[in-house]
Amino acid sequence: MQRKDFIKISSLGFLGLYSCGISNFKNNRKPLAIQLYTIRDAVSENLEKALEKLAILGFKELEIYGYNGTFFGKSRNQFQSILKNVGLKVISSHHTTGILHHEKGTLTNNWEQTVEDLHLIGSEYMVCSYLFPEERTLENYKKLPELLNKSGEITKKAGIQFAYHNHDFEFEKFDETGTVYDFILENSSSDLVKMELDLYWISKAGIDPLLYFEKYPKRFPLWHVKDMKAGTKDFAEIGNGIIDFKRIFGAREKAGLQHWFLEQDSSDKNMFESITISRNYMLKNDFFLK
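So, the overall build of the protein chain
A count of helices and strands for the protein chain gives 13 helices and twelve strands. Expected size for 290 residues packed as a compact globule is a radius of gyration near 19 Å; at 19 Å, the protein chain falls within 12% of this value. The 290 residues of the protein chain split such that 51% are buried. Carbon together with sulfur atoms contributes 48% to the accessible area of the protein chain, which is approximately 13,300 Å² in total. Taking the average place of the 38 positive charges on the side chains of the protein chain and the average place of its 39 negative ones, the gap between the two points comes to 6 Å.

A short note on the nonpolar core
If you look at the biggest cluster of nonpolar residues, it comprises 79 residues, and the most contacted ones within it are I39, L51, L54, Y164, F220, W223 and F288. At five residues, the largest contribution of residues to this core is made by helix α8 (residues 180-187). Discounting residues that sit within four places of it in the chain, I39 has contacts with A50, L54, M271, F272 and I275. Listed in part, the seven residues of the second largest apolar core include I91, Y125, L222 and F261.

Comments concerning the confidence of the model for the protein chain
Of all residues in the protein chain, 90% attain a pLDDT of 70 or more, and the chain-wide mean is 92. Scored below 50 in pLDDT, residues 1-26 shows 31 contacts in the model against residues more than four places distant or in partner chains.

Here's the deal with the pairing of strand β1 (residues 32-35)
Where a strand is regular, its side chains alternate between the two sheet faces. Of the two faces of β1, the one holding L32 and I34 and the one holding A33 and Q35 are both buried throughout. Pairing analysis gives four bridges linking β1 to strand β2 (residues 59-64), with the strands arranged parallel. Note on β2: the bridge partner recorded for L32 is F59.

Digging into helix α4 (residues 47-56)
Taken together, the buried positions of α4 are occupied by L47, A50, L51 and L54. Down the axis of α4, the buried side of the element spans an arc of 95 degrees, and every buried residue falls inside it. Along its buried surface, α4 packs onto β1, α3 (40-45), β2, α5 (76-86) and α13 (271-284). The distance from a side-chain oxygen at the start of α4 to the backbone nitrogen of E48 is 3.3 Å, and the residue carrying that oxygen is N46. Of the residues trailing α4, G58 is marked for its positive phi of about 100 degrees.

A few points about unusual backbone geometry
Even without glycine at this site, F72 takes up a positive phi of about 55 degrees. Relative to the helices and strands, F72 resides in the loop between β2 and α5. Not every positive phi belongs to a glycine, and K218 is a case in point at roughly 65 degrees. Note on placement: K218 falls in the loop between α10 (209-215) and β9 (222-225).

Points about the environment of K173
Positionally, K173 belongs in strand β6 (residues 173-175). Residue classification places K173 among the exposed residues on the basis of a relative accessible area of 62%. Beyond its immediate stretch of four places on either side in the chain, K173 contacts G178 and T179.

Some details on the pairing of β2
In terms of burial, β2 is largely enclosed, as five of its six residues are buried. Looking at chain direction, β2 and strand β3 (residues 89-95) are connected through four bridges and run parallel. What sits directly across from E63, in β3, is S92.

Rules of the game
Every chain is numbered independently, its residues counted from 1 as its sequence is written. For a predicted model such as this one, the threshold for reporting local features is a pLDDT of at least 70, and the threshold for listing and counting side-chain atom pairs is 80 or more; totals across whole chains, interfaces and linings nevertheless cover every residue. Processing note: side-chain calculations cover all non-hydrogen atoms of the structure and skip hydrogens and water entirely. Strands here mean DSSP runs of E at least two residues long; helices mean DSSP runs of H or I at least four residues long; both are numbered from the N terminus. Note on method: radius of gyration uses C-alpha positions; expected globular size equals 2.2 Å times residues raised to 0.38. Buried means the residue's accessible area, taken with a 1.4 Å probe over protein chains only, is under 20% of the maximum for its type, while exposed means over 50%, and partly exposed covers the values in between. In these tables, accessible area is a Shrake-Rupley quantity obtained with a 1.4 Å probe, and a residue counts as shielded only by the protein chains included in the view. Neither His nor the chain ends is counted toward charge; the positive residues are Lys and Arg and the negative residues Asp and Glu. For this purpose, a charge sits on NZ of Lys, CZ of Arg, CG of Asp or CD of Glu. The set of buried Ala, Val, Leu, Ile, Met, Phe, Trp, Tyr and Cys residues whose side-chain atoms join them within 4.5 Å is what this entry labels a nonpolar core. Throughout, a residue-residue contact means that at least one pair of heavy atoms, one from each residue, lies within 4.5 Å. Values of pLDDT, which run from 0 to 100, indicate the predictor's confidence residue by residue. Pairing between strands requires that DSSP locate at least two bridges from one strand to the other. This arc is built from the directions going out from the helix axis to the C-beta atoms. Counting of polar contacts relies on pairs of N or O atoms within 3.5 Å, with two restrictions inside protein: one atom must be capable of donating a hydrogen and the other of accepting it, and residues adjacent in sequence are counted only when both atoms are side-chain atoms.

Laid out in structure tokens, this is it:
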């Protein structure tokens, strides 16, 4: 580690964790992973430096966002070179539907090329990340399982598992049979469409994740792990909120968990400080890393 990097890390309060955490991290069975959206501001400023900071903190795996024919403005080869330089691996990638926003990289625009590019950088999963508010209509909901299935058929040919990521709006009433989330689960292929369960959003909706693990076992190979403040229900660092992660991780086998990603959408601190707090808590609680 160069002295200038050492000083930068120390100034952000990372020094103690660097000295004690990295050696412990090497012995963990599961590498630390993060959804890159958490540091989107740093990524916009300087992609490689942002990734270097994550690597210094001991992160090894990423879920990325924003592919639009390029990776954060970089070609596939340029992005692969950066990943190699910093020692990070892409496990998963987020994509919107393209139903109303027709950018490249969405499920309905240039999906085959998107899948090819993600395959060539080694991604194991591709995820429908979000429905914009203007897309949340009864008509679009009814068509969504078919779109997810078709997207999953294409990713499967490339050896990539497709999945759907929730927020809290999916737990609103869809019809007399249940919620939007229930409709997606019941009407999409359990093979082609897995679920990336966001533990914050399902908790904010007042739903127990274990109920879904029991009803749809092995359907939840991906999780987003972030905490929720008491009272305000704002985003919190892992361990600084009210979500019972030990109980949820205790059901990981029933859920079919394969990978999980730290994520924090916003913070009242420097984001790297928040990440460090979450990271420290995770290293102290080995159920996160089994």
